[in-house]
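Residue-level listing of the chains:
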Amino acid sequence: LFGVTSVDGQEVERFRAFSRHLAAGDLPRAYRALEGLPEGYKRTKDWAMLRASISSYDEAAYRSSLEHLAKHFGDDASVQFMLIDHYFYQERFDQAYKAVSAFETRVGEDGVTNFLKCSCLLGWKHYDEAVAACQRAMAVESDFKSGYWGTVTAGIEGKNPKVALAALSAYEQAFQVS
């Protein structure tokens, strides 16, 4: 199993400890236990994805986990959504946009995918396109607040106060805020 030809009690206990810590919601201890699993398992995509999933408690661990995932499995379509943060950290908006698009192709469009596209476009300083993407997020999911705030941001950064004010007005109406 995962390159291990014989299993001793310590190996079994490492897996049990990981499971216990994860079930208890103790992510730091689960992460440390995951790091101690057999080397054969640590070379798998499953291990890399699990490591990235549970490392969010610590930014350095999260970034390290995403870097490992990108380095070893970055071409795999099934991990693209997990790598979006990695690409944003590195300001690789082209890769982030491709990852969002790939994810959207697999599962469908929603407010989040459009907002993430908006964020990439903001990174490129393509403000009009960012506005369109965030407005699409609002159209697809009218209760998705980030679409409104993304539009406000694109309007402000793009020096288009009419867009920003219209988005704020739409937000007030949609969420009955005054």
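First, a word on what this report is: a plain description of the structure on this page. (Residues numbered from 1 in each chain as written. Predicted model: local features only at pLDDT ≥ 70, side-chain atom pairs only at ≥ 80, totals over all residues. Heavy atoms only, no water.)

## Notes on the pattern of salt bridges
- Under the defined criterion, the tally for this structure stands at eight salt bridges.
- For arginine 29, the salt bridge is made with aspartate 26, and the minimal N-O distance between the two is 4.0 Å.
- Residue classification places aspartate 26 among the partly exposed residues on the basis of a relative accessible area of 25%.
- In this structure, glutamate 35 and arginine 51 form a salt bridge, with 2.6 Å as the shortest nitrogen-oxygen distance. Taken as a pair, glutamate 35 in helix 2 (residues 27-35) and arginine 51 in helix 4 (residues 45-54) lie far apart in primary sequence, 16 residues in all. (Salt bridge = Lys/Arg side-chain N within 4 Å of Asp/Glu carboxyl O. Buried < 20%, exposed > 50% of the residue type's maximum accessible area, 1.4 Å probe, protein only. Helix = DSSP H or I, 4+ residues; strand = E, 2+ residues; numbered from the N terminus.)

## Let's talk about helix 10 (residues 145-157)
- The end-to-end C-alpha separation of helix 10 is 18 Å, in line with the 18 Å expected for 13 residues at 1.5 Å each.
- Those residues of helix 10 lying buried are Gly147, Tyr148, Gly150, Thr151, Val152, Ala154 and Gly155.
- Against the buried residues of helix 10 lie helix 8 (111-123), helix 9 (127-140) and helix 11 (161-175).
- Once helix 10 finishes, lysine 159 follows within two positions and takes phi at roughly 55 degrees, a positive value. (Expected span 1.5 Å × (residues − 1). Contact = heavy atoms within 4.5 Å.)

## A short note on the nonpolar core
- By size, the foremost hydrophobic cluster in this structure holds 27 residues, and its most contacted members are Phe18, Leu34, Ile54, Leu69 and Leu83.
- Secondary structure elements with two or more residues in this core: helix 2, helix 4, helix 5 (59-73), helix 6 (84-89), helix 7 (93-107) and helix 8.
- Considering every element that reaches this core, the biggest residue donor is helix 5, with six residues.
- With sequence-adjacent residues up to four places away left out, leucine 83 is seen in contact with Leu66, Leu69, Ala70 and Gly74.
- Counting nine residues, the second largest nonpolar core, distinct from the first, contains Leu121, Ala130, Ala133 and Ala154. (Core = buried A, V, L, I, M, F, W, Y, C linked by side-chain atoms within 4.5 Å.)

## Topic: the side chain of threonine 151
- Looking at the element boundaries, threonine 151 is found in helix 10.
- For threonine 151, the residues in contact, after removing those within four places along its chain, are Val131, Cys134, Gln135, Met138, Val163 and Ala167.

## As for a nonpolar patch on the surface
- Where nonpolar side chains cluster on the molecular surface, the patch consists of Trp149, Leu165 and Leu168 and spans about 290 Å² of accessible area.
- Relative to the helices and strands, tryptophan 149 is located in helix 10.
- Residue classification places tryptophan 149 among the partly exposed residues on the basis of a relative accessible area of 40%. (Patch = residues over 30% accessible without salt bridge, like charges linked within 9 Å, V, L, I, M, F, W, Y side chains within 5 Å. Areas by Shrake-Rupley, 256 points an atom, 1.4 Å probe, with all protein chains shown as cover.)

Any link to function would need more than the numbers given here.
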